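One letter stands for each residue in the lines below.
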Amino acid sequence: MLKRSHMCGELRPEHVGQTVTLAGWVNTYRDQGKGLIFIDLRDREGLTQVVFNLREIDESAVTEARSLRREDVVAVGGLVRTRIGGANPKLRTGEIELLAQQLEVLNKADTPPILPDEHEAQKIAEEKRLQYRYIDLRRPKMQQILRTRYEVTRVARQFFANKGFIEIETPFLIKTTPEGARDFIVPSRLYPGKWYALPQSPQIFKQILMASGFDRYLQIVRCFRDEDPRADRQAEFSQIDLEMSFVDRDDVIKMMTSFTQHLWKEILGVDIGDIPVMPYHDAMNRYGIDRPDLRFDLEIEDVSALAAKTDFRVFQEALAKTNGVVKAMRVPGGATQLTRKMTDGYSEFVKTFRAGGAPTVKLTENGFETGVAKFVAPIADELTQRLNLEVGDIVFFTADTWSIAAKAMGELRNKIARDLDLIDESAWKFVWIVDTPMFEYDEDAQRWVAMHHPFTSPMPDQVDMLETDPGACISTGYDIVCNGSEIAGGSIRIHQPPMQQKVFRLLGISDEEAEQKFGFLLRALRYGAPPMGGIAFGLDRLVMLLVGTNNIRDVIAFPKTQSGQDLMTEAPGPADEAQLRELHVKVDVRNSKPEH
RNA sequence: GGGGCGGUAGCUCAAUUGGAUAGAGUCCCGGACUGUCGAUCCGGUGGUUGCGGGUUCGAGUCCCGUCCGCCUCGCCA
């Protein structure tokens, strides 16, 4: 076999005159006739033009070169020379070419169903790209994304190593735990009828490592949650998981701010500056969402008090509800930019978030017009003043319970920003969201559920509230949000058994159940656990932001589809009877089809 | 589990109101061409219209079911 001497992105005019050997994939072939063939040879570093010339080598080699097709794997030896036909500015190697002297076909490829071209990839159905992932991953863009992903983990390991963090692996085969997402479970061969679960995160183990005295822990780790995927969500995903001992909230925020700044500097060369801190309720009230996109200015106002003065039944009915509110959002210039069809569309849009609709008014030179203008007439001046309205503005309202109205308005805010192109795509807007409530009440289950997770500590001055007013109790939780995307979340943990017990009870987990499910954690706390706190960065989302994609499958080498299949390997697949017998598992596929 | 969009040649798409032998580009095959670079030009092969049923003289098109992909609500401590 011809031995490779250089990579295909490497050769420059200074190599002219050298005899080299390249190896790679045939990216394109251009046959100029019996005596002259061009091949663009590709490897992960780039493209190099190879020329086969009948005048320079024997005819059989040219004939063989002529049979090359896309994605054949070849090695070519020859002489580097300046291009005769002029340089190609599109290629980094565009000033030179390799005059072939030897050709070895290492693997003749079948005609590829898809091609790893950037201009093709835009058009090719993602289904095909996933099915032939090995071809799609040859694309320079995909290579660059996965390299960036590696760079992120490399920078993280280096940064935290310098800060005294130790990387420790935690098990994948663990015990199923209550709360949280649905677990993936794995049958136990040695214990009939018993099951392992795959971790939703290494949360409990990293806390125990703190109890074990490791002080600072890091792990870049896969997590598993058996929930429906989304554009930015996969059933298996990766975290940069961190935990620190003897720290409070500000210590963690400081450390992780520093890391985030360092990461953006290292990967993009961008100085993101300080990361502001915003209380959860501010985020919800002003932006309607706990991960506000601060790249644009639209803000939401609570106008309940004004709305109460109107006769509009929608407002009155909402305000009559427990926690009923009326929210308003001014869209500057929206009166002219948004058509009736669009505003009707927005009304339908908010219905998907269980709001009733999004009534509007436009402010014209003649005062409020269209929509609910006649209802807001009595509060016209106050509303104008409150929202700083100007002629040409449009105002959207939502009226419902606080949580529904806020969410509907928050989603509408993001949608209008996209539609009106208000988002500064070059901006990096980070914010810490803090002071999140410990619990929210689940109406369906009729009980409190943890907003973060059951191991989150309340703020020190809030401990008494656990008993008096759990719904108002503020946690130590903190999330980093970047451009409307949550990239990390964590908290100070409970490190004293009595408080952990108290929180379990509040969550409706009995002492017996707590002992059975979390006994090992409670004992670990009992035998001496330090105050501790940590965070986990969503690696996939970090990479998505850094490479500028909104598709999580782009940043995972072998991702799954929305129905949890791997189109390349066709997982999941059946297991044979013997395997199942060994695992003491019997399959009971209920046929949900109607009988007829 | 719900809603929306889609599935036609290897790939990307078209096909009028239900109407003739389902077309085009590209890929592939053959030919021409010694400076191309998303090469070009000429010719050709290539189809279970996702799958199963139904309506009809006739279905890519209409109806029912089903599978798959994407987006989304629920869900995701």
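Remember, predicted model here, so these are calculated numbers, not experimental data. (Residues numbered from 1 in each chain as written. Chains lettered and ligands numbered in written order. Predicted model: local features only at pLDDT ≥ 70, side-chain atom pairs only at ≥ 80, totals over all residues. Heavy atoms only, no water.)

Participant: Now, about the overall build of chain A: what can you tell me, with residues and values included?
Facilitator: The secondary structure content of chain A amounts to 20 helices and 22 strands. Viewed in the frame of its principal axes, chain A has a C-alpha envelope of about 90 × 75 × 65 Å. The long-range fraction of contacts in chain A, counting pairs at least 24 apart against all pairs at least 6 apart in sequence, stands at 68%. Carbon and sulfur atoms make up 49% of the accessible area of chain A, which amounts to about 30,200 Å² in all. (Helix = DSSP H or I, 4+ residues; strand = E, 2+ residues; numbered from the N terminus. Contact = heavy atoms within 4.5 Å. Areas by Shrake-Rupley, 256 points an atom, 1.4 Å probe, with all protein chains shown as cover.)

Participant: Which residues make up the protein's contact with RNA strand B, and what are the values?
Facilitator: The immediate surroundings of RNA strand B are formed by 56 residues, with R81, E97, H452, Q562 and S563 found nearest. Backbone sugar and phosphate groups make up 54% of those atoms of RNA strand B lying within 4 Å of the protein. Measuring from a sugar or linking oxygen of RNA strand B, one finds a backbone N or O atom of G180 at 3.0 Å. Between S201 and RNA strand B, the recorded distance is 3.0 Å, taken from a side-chain N or O atom to a base nitrogen. At the level of secondary structure, the elements contributing two or more residues to the surface near RNA strand B comprise strand 1 (19–31), strand 2 (36–43), strand 3 (46–53), helix 2 (118–121) and helix 3 (126–131). (Near = heavy atom within 4 Å. Polar contact = N/O pair within 3.5 Å; in protein donor to acceptor, adjacent residues only side chain to side chain.)

Participant: I'd like a rundown of the sheet that holds strand 14 (residues 360–364), residues and numbers included.
Facilitator: With respect to topology, 5 strands assemble into an open sheet ordered 12-13-16-14-15, the strand pairing being antiparallel. Of all the strands in the sheet, the pair left with one neighbour each is strand 12 (300–302) and strand 15 (367–369). The average undirected angle you get between the axes of adjacent strands in this sheet is 30 degrees. With 8 bridges joining them, strand 13 (residues 324–331) and strand 16 (residues 394–401) adopt antiparallel strand pairing. (Pairing = 2+ DSSP bridges. Axes fitted to C-alpha atoms, helices over the stretch in contact; angles between N-to-C directions.)

Participant: Give me the confidence of the model for chain A: which residues, what numbers.
Facilitator: Residues of chain A with pLDDT of at least 70 account for 99%, and the chain-wide mean is 94. Low pLDDT, under 50, characterises residues 591–596; the stretch is placed with 0 contacts to residues that sit more than four places away or in other chains. What the predictor reports for the complex is a pTM of 0.95 with an ipTM of 0.93. (pLDDT = per-residue confidence, 0-100.)

Participant: Please give an account of the pattern of salt bridges that cites residues and values.
Facilitator: By the definition in use, this model includes 42 salt bridges. Note that E167 is salt-bridged to R157, the shortest N-O span being 2.6 Å. Separated by 10 residues along the polypeptide, E167 in strand 6 (residues 166–167) and R157 in helix 5 (residues 140–162) bring together distant segments of the chain. Among the residues examined, E167 registers a relative accessible area of 36% and is labelled partly exposed. The structure contains a network of salt bridges with shared partners spanning E118, R129, R133, D136, R139 and D554. (Salt bridge = Lys/Arg side-chain N within 4 Å of Asp/Glu carboxyl O. Buried < 20%, exposed > 50% of the residue type's maximum accessible area, 1.4 Å probe, protein only.)

Participant: Provide a residue-level description of the nonpolar core, including the pertinent values.
Facilitator: F160, I240, M256, W264 and F537 are the most contacted members of the largest nonpolar core, which has 45 residues in total. Apart from the residues within four sequence positions on either side, W264 is in contact with G269, V270, I272, W428, F430, C482, I487, L542, L545 and L546. Grouped together as the second largest cluster of nonpolar side chains are 25 residues, L209, F518, L521 and A529 included. (Core = buried A, V, L, I, M, F, W, Y, C linked by side-chain atoms within 4.5 Å.)

Participant: Can you lay out the sheet that holds strand 2 for me, pointing to particular residues and giving the numbers?
Facilitator: Spatial strand order, 1-2-3-5-4: 5 strands in a closed barrel with mixed pairing. Strand-to-strand twist in this sheet, taken as the mean axis angle between neighbours without regard to direction, amounts to 55 degrees.

Participant: Could you give an account of a nonpolar patch on the surface, naming the residues involved and the relevant values?
Facilitator: A cluster of nonpolar side chains, namely F172, L173 and Y196, defines an oily patch on the protein surface of about 270 Å² accessible area. Relative to the elements of secondary structure, L173 occurs in the loop between strand 6 and strand 7 (185–187). (Patch = residues over 30% accessible without salt bridge, like charges linked within 9 Å, V, L, I, M, F, W, Y side chains within 5 Å.)

Participant: Lay out helix 8 (residues 280–287) in plain terms, naming residues and giving numbers.
Facilitator: Within helix 8 the residues assigned to the buried category are Y280, A283, M284 and Y287. The arc enclosing the buried residues of helix 8, seen along the axis, measures out at 105 degrees, which places them on a common side. Close packing links the buried residues of helix 8 with strand 11 (277–279), strand 12, helix 15 (402–419) and strand 17 (430–434). (Arc of directions from axis to C-beta.)

Participant: With reference to specific residues and values, describe the environment of I509.
Facilitator: Locating I509 in the fold gives a position in the loop between helix 17 (497–506) and helix 18 (511–526). I509 sits in the buried class, given a relative accessible area of 3%. Residues within four places of I509 in sequence aside, it is in contact with E179, F504, A514 and F518.

Participant: Describe the packing of helix 12 (residues 340–351) against helix 15, with residues and values.
Facilitator: For the pair helix 12 and helix 15, interaxial distance at closest approach is 9 Å and the crossing angle is 140 degrees. Considered as vectors, helix 12 and helix 15 are oriented oblique to each other. Read as a crossing pair, helix 12 and helix 15 show a hand that is right-handed. Contact residues: helix 12 offers Y346, F349 and V350, while helix 15 offers A408, E411, L412, K415, I416 and D419. Grouping the amino acids of the contact of helix 12 with helix 15 by side-chain chemistry returns 6 nonpolar, no polar and 3 charged. (Parallel < 35°, antiparallel > 145°, perpendicular 65-115°, else oblique. Left-handed = near helix turned anticlockwise from the far one by under 90°. Nonpolar A, V, L, I, M, F, W, Y, C, P; charged D, E, K, R; others polar.)

Participant: Which residues make up the packing of helix 5 against helix 19 (residues 539–547), and what values do they have?
Facilitator: It is the contact of helix 5 with helix 19, at a shortest axis distance of 10 Å, that shows an interaxial angle of 125 degrees. With respect to their mutual orientation, helix 5 and helix 19 come out oblique. Read as a crossing pair, helix 5 and helix 19 show a hand that is right-handed. Residues K141, Q144, I145, T148, R149, V152 and T153 of helix 5 touch helix 19, and the partners they reach there are L539, D540, L542, V543, L546 and V547.

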